[in-house]
Amino acid sequence: MLDKKYYLETFDMFRSSWGEESEFRLCIEEMSELTKELCKFMRYSRNEKSQENDEKLKQIKSNIIEETADVLICASQIMHIVGEDEVRKVMDYKIQRGRKIVEDYINKTKNQPKKN
Ligand SMILES: [Mg+2]
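Residues numbered from 1 in each chain as written. Predicted model: local features only at pLDDT ≥ 70, side-chain atom pairs only at ≥ 80, totals over all residues.

Caption draft 1: Up close: the overall build of the protein chain. Counting its regular elements, the protein chain contains 4 helices and 0 strands. Shown N-terminal to C-terminal, the secondary structure of the protein chain runs as helices and strands in the order α-α-α-α. Expected size for 116 residues packed as a compact globule is a radius of gyration near 13 Å; at 19 Å, the protein chain overshoots this value by more than 25%. Each principal axis of the C-alpha atoms in the protein chain carries an extent, and together these give about 55 × 45 × 25 Å. Sequence-distant contacts in the protein chain: of pairs separated by 6 or more residues, those separated by 24 or more amount to 68%. (Helix = DSSP H or I, 4+ residues; strand = E, 2+ residues; numbered from the N terminus. Rg over C-alpha atoms; globule rule 2.2 N^0.38 Å. Contact = placed C-beta atoms within 7 Å.)

Caption draft 2: Spotlight on the packing of helix α3 (residues 51-82) against helix α4 (residues 84-109). Interhelical geometry of α3 versus α4 gives an angle of 115° and a closest axis separation of 6 Å. Taken together, α3 and α4 sit at an angle that is classed as roughly perpendicular. From α3, Met79, His80 and Val82 reach across to α4, where they touch Glu84, Glu86 and Val87. (Axes fitted to C-alpha atoms, helices over the stretch in contact; angles between N-to-C directions. Parallel < 35°, antiparallel > 145°, perpendicular 65-115°, else oblique.)

Caption draft 3: Quick look at the packing of helix α1 (residues 4-18) against α3. One can describe the packing of α1 onto α3 by two numbers: an axis separation of 10 Å at closest approach and a directional angle of 80°. Judged by the inter-axis angle, α1 sits roughly perpendicular to α3. Every residue of α3 that contacts α1 at Tyr7, Leu8, Phe11, Phe14 and Arg15 is listed here: Ser76, Gln77, His80 and Ile81. Broken down by class, the residue content of the contact of α1 with α3 amounts to 5 nonpolar, 3 polar and 1 charged. (Nonpolar A, V, L, I, M, F, W, Y, C, P; charged D, E, K, R; others polar.)

Caption draft 4: Just α4, in detail. Taking 1.5 Å as the rise per residue, α4 with 26 residues should run 38 Å; its terminal C-alpha atoms sit 37 Å apart, in good agreement. With 0 of 26 residues buried, α4 lies mostly on the surface of the structure. (Expected span 1.5 Å × (residues − 1). Buried ≥ 20, exposed ≤ 12 C-beta atoms within 10 Å, placed from the backbone.)

Caption draft 5: Spatial organisation of the environment of Glu67. Of note, Glu67 is situated in helix α3. The exposure class of Glu67 is partly exposed, given the 19 C-beta atoms found within 10 Å. The residues contacting Glu67, other than those within four sequence positions of it, are Glu30, Glu33, Leu34 and Glu37.

So this is what it looks like as structure tokens:
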């Protein structure tokens, strides 16, 4: 695994070579590529089981891995540009808020019969 210093140096090289707008545009492009692969996965997951469909799903999962890596790289670059500390503070707040919501949901539904 590469260390954080290597990532940040590379992000600075991207930004100084191509500019922030190019980095924002690339992030939009990569997010749309991941969106497309997730939509394809949901569509093929509903198909009847067959060897052809299983192979297609395997290829789509591989694409999802690649596009997720692309999005995480771009999102990390955006975080580096706008301020990592500020982004992490908002992430912590949103994770804690989501945790509270899911804990309330679990507590509210734990004694209820499961719906199908
Ligand atoms: Mg991509």
